[in-house]
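# Descriptive structure summary
Chain by chain, the residues run as shown.
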Amino acid sequence: MRARLLALVLLLLLAGCSSGGTRDDGRITLRFQSLAWQEESVEANKELVREWNATHPDVRVEYVQGTWDSVHDQLLTAFEGGEAPDIIHDASDDLADFAYGGYLADLTDLLPARLKSDIPQRSWETTTFGDGVYGVPFLQEPRVLIANAKWLKRSGVRIPTPEKPWSWAEFRRITEQLSGRGKYGIAWPLKEPVSATLNLSLSTGGQLFHRGADGKVTIRFEAADQVVPRTIHAQAGTDRSASPTTLGSGGSDTLPGFFGGRYAMVPLGFSYRQQIVQQAPKGFDWQVLPAPAGAGGLTQGVSPQTLSVAEDSPHKKEAAAFIDFLLRPENMVRLALGDWMLPTGDRALNDPALRTPEHGWSTGTALAAHLRPAPAQTVRGYPEWKDKVATPALQEYYSGAIGIRELRERLEEDGNLVLARYQR
């Protein structure tokens, strides 16, 4: 009898300490999986969780540290196993399959008017699938040129600004002018070439994915889509103005060579500025320049970081309330500063802390109005197309192993076969 009583007491204690759901005392616990990884960003997220918990005793948020590595597969496993966190941090270009698959809650009627109006419609388009909204876009970053300021000044080239950027043709000429004697005008880190190529191609009028009247998407690699890859290919293979050894590298891999004076410029995401501040040698003078512009001006695609609610969460209303708290303008600024990225909210974007010339913040905020949904944003099957078709094809093209005609054939023919399986 005593053994049975002890077992019952233990069960009750375990139930009261559950990491999710509703406890016997009526307190709700929400699991928030964050993908923040930089020290400042992790601390900003944890601080906001602590502040919420201090003022919301009946709805406790449990911080769960996730990782960007293989997040799609990790979430898919969690969804299918019924173990998904209530609040999910991800990127908008990863949401389509989850939204159409019924794994994410439609937030249309759960979000307050304040949050809806503060974030521009162009950002909401990144998380809208069909008639529903399946995530809140809150952080974004343009791709910029990080330049050796002394090298550029010494060369006498025209320094671009958001008001007067380089054209793609001028950019190519300048990188050639900056090169020679074992040094390169540019180092393209293209270990993951797809998003960089597609997003920058919006500036030249590229579209690649075309949706028909029946709602189905087909791939057409047309002249406007080819400007950016042709430029990179020419810099690496013809002009010798782009380092061939960095084409298979990640962004961080190029920094030692950049600091060492081997490359004049490196195209990187805006958030890489934090690594540069931390790692640059004392006295190293660098600056942030806008990416080149084409027929579409400075337009480029972005896939904002997002916050979603799991469809299986029994506490969707409370989860949405926490997202609203997390993304108050003053809190969005804290998250942006922690990640060295730009907030999507208009009020946060106007904060003076994000408009200072120091570390190129003002250049980034000047580009915010030109950011648009990445071309693949609502394309089902994009992760498979990217991994199995586009990444290897672009890597071979940039290395000179295949030409533009074969690149087009593979992107279109092989790519459309992949997409067709998701559109039946």
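Use the structure listed above.
Report on the accompanying structure. If you're wondering where the values come from, they're calculated on a predicted model, not measured in any experiment.

Definitions and cut-offs
Residues numbered from 1 in each chain as written. Predicted model: local features only at pLDDT ≥ 70, side-chain atom pairs only at ≥ 80, totals over all residues. Heavy atoms only, no water. Pairing = 2+ DSSP bridges. Helix = DSSP H or I, 4+ residues; strand = E, 2+ residues; numbered from the N terminus. Axes fitted to C-alpha atoms, helices over the stretch in contact; angles between N-to-C directions. Buried < 20%, exposed > 50% of the residue type's maximum accessible area, 1.4 Å probe, protein only. Polar contact = N/O pair within 3.5 Å; in protein donor to acceptor, adjacent residues only side chain to side chain. Contact = heavy atoms within 4.5 Å.

### Digging into the sheet that holds strand 8 (residues 143-148)
If you trace the four strands from one edge of the open sheet to the other, you get 9-12-8-13, paired in mixed fashion. Strand pairing shows two members of the sheet lacking a second neighbour, strand 9 (184-186) and strand 13 (286-290), which therefore form its edges. Each strand of the sheet is rotated relative to its neighbour by a mean of 30°, with strand direction disregarded. Strand direction decides the pairing type here: strand 8 and strand 12 (residues 263-269), joined by five bridges, are antiparallel.

### Notes on the environment of S399
Within the secondary structure, S399 sits in helix 17 (residues 382-399). Using a relative accessible area of 53% as the deciding quantity, one classes S399 as exposed. Note: C-alpha distance between S399 and A236 (163 residues apart in sequence) is 7.9 Å. Reaching out from S399, the side chain makes a polar contact with the backbone oxygen of E396 at a distance of 3.0 Å.

### Regarding helix 9 (residues 193-201)
A large share of helix 9 lies buried, amounting to eight of its nine residues. Of the residues making up helix 9, those classed as buried are P193, V194, A196, T197, L198, N199, L200 and S201. Lining the buried residues of helix 9 we find strand 8, helix 8 (168-177), strand 10 (209-211), helix 10 (223-237), strand 14 (300-302) and helix 17.

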